[in-house]
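Below, each chain spelled out in residue letters.
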Amino acid sequence: LSEVPELRQLLARSHPEVVLFAGDPDGLRDEEILNYLKCLLTWLDCHEEEWGPHPSASRLRKLARAGLEAQVVDMLRVAKSDTARSHLLQWCQAGQYRAALSYACETALDVTRSARVRAVAVRVVCACDDSAGRVQLRSLWKDNDEDVRCELVPCLIADVLVGRELVAFVAAGKGLSF
């Protein structure tokens, strides 16, 4: 697929996920990745339902190149659907896009957002190893959504949730109080 540009162009309209996630990502130029990602986002905005199969973490790391950071974060800021936001946040996580940190922190803390998007936003903060962002997310250990709380564990366990706070976090997840 990577070796036949005409086939990629044809497939991009109806199956943008195939163009991005099948074949060799190293065979795609940055401009092509951005173009196909835009096609995928347009498709996702029209089809709010979950899609699959999802790309592997290693494939996303190959596609989420450092040179694409600004454009991907710009796309994230204007994404129309939760499915598109979630997918773009996964790109930001894979590429460790620090330019997405403020958006990720705001999104993770915004209880009006979907739990799925908020959970991925927590993973972005964790992947970028941002200690200030982790401190901001500290209040989420009491969040009503289990997925959001579960994403916090690897993010906060090392330097934010220690001692009594760690015990309280675990107890809250079990419905206990201390």
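Here the structure is a predicted model, which means the values were calculated and not measured.

Turning our eyes to something else, we now look at the nonpolar core. Leu37, Val72 and Trp91 are the most contacted members of the largest nonpolar core, which totals 48 residues. Examining the composition of this core, we find that seven residues originate from one element, helix H3 (residues 30-46), more than from any other.

Moving on, we get to helix H8 (residues 115-127). An ideal rise of 1.5 Å per residue puts 18 Å on 13 residues; H8 measures up with 18 Å between its terminal C-alpha atoms. Taken together, the buried positions of H8 are Val117, Arg118, Ala119, Val120, Ala121, Val122, Val124 and Val125. Following H8 by one or two positions, aspartate 129 has its phi on the positive side, about 50 degrees.

This paragraph deals with the packing of helix H1 (residues 5-14) against H3. The N-to-C vectors of H1 and H3 enclose an angle of 25 degrees; their axes lie 8 Å apart at closest approach. Taken together, the axis directions place H1 and H3 in an arrangement best described as roughly parallel. Residues Arg8, Gln9, Ala12 and Ser14 of H1 lie in contact with H3, whose contacting residues are Glu32, Asn35, Tyr36, Cys39 and Trp43. For the contact of H1 with H3, the residue count by class is four nonpolar, three polar and two charged.

Taken together, the side chains of Val4, Leu7 and Leu10 present a nonpolar region at the surface, about 260 Å² in accessible area. Following the sequence through the fold, leucine 10 ends up in helix H1.

Before going further, it helps to examine the pattern of salt bridges. Taken as a whole and assessed by the stated rule, the structure comprises eight salt bridges. Between arginine 85 and aspartate 82 there is a salt bridge; the shortest N-O distance is 2.7 Å. Remark: aspartate 82 and arginine 85 occur in helix H6 (residues 82-95); sequence separation between them is three residues, near one turn of the helix. Accessibility expressed as a relative area gives 22% for aspartate 82, which makes it partly exposed. The network of salt bridges with shared partners includes Arg29, Glu31 and Glu32.

Here is what the cut-offs are and how they apply
Going along each chain's sequence as written, the residues are numbered from 1 onward. It should be noted that, the model being predicted, local features are given only for residues of pLDDT at least 70 and side-chain atom pairs only at 80 or more, the latter also being counted only at that level, while totals for whole chains, interfaces and linings use all residues. Working from all heavy atoms in the structure, the side-chain values ignore hydrogens and water. We define a nonpolar core as any set of buried Ala, Val, Leu, Ile, Met, Phe, Trp, Tyr and Cys residues linked to one another through side-chain atoms lying within 4.5 Å. The buried label goes to any residue with under 20% of its type's maximum accessible area, the exposed label to any with over 50%, and the partly exposed label to all in between, with areas taken from a 1.4 Å probe on protein chains only. By the criteria applied, helices consist of DSSP H or I runs no shorter than four residues and strands consist of E runs no shorter than two, each listed in order from the N terminus. Given a helix with a known number of residues, its expected span is that number minus one, times 1.5 Å. Only the stretch in contact is used when fitting a helix axis, every axis being a line fitted to C-alpha atoms; angles between N-to-C directions are given from 0 to 180 degrees. Note on terminology: angles under 35 degrees are roughly parallel, angles over 145 are roughly antiparallel, angles of 65 to 115 are roughly perpendicular, and the others are oblique. Residue contacts are defined here by distance: any two heavy atoms, one from each residue, within 4.5 Å place the two residues in contact. Under the convention adopted here, Pro, Cys and the residues Ala, Val, Leu, Ile, Met, Phe, Trp and Tyr are nonpolar, Asp, Glu, Lys and Arg are charged, and Gly plus all remaining residues are polar. Patch construction takes residues with relative accessible area above 30% that form no salt bridge. Like charges are linked within 9 Å, and nonpolar side chains (Val, Leu, Ile, Met, Phe, Trp, Tyr) are linked within 5 Å. In these tables, accessible area is a Shrake-Rupley quantity obtained with a 1.4 Å probe, and a residue counts as shielded only by the protein chains included in the view. Salt bridge, as used here, is a side-chain nitrogen of Lys or Arg placed within 4 Å of a carboxyl oxygen of Asp or Glu.

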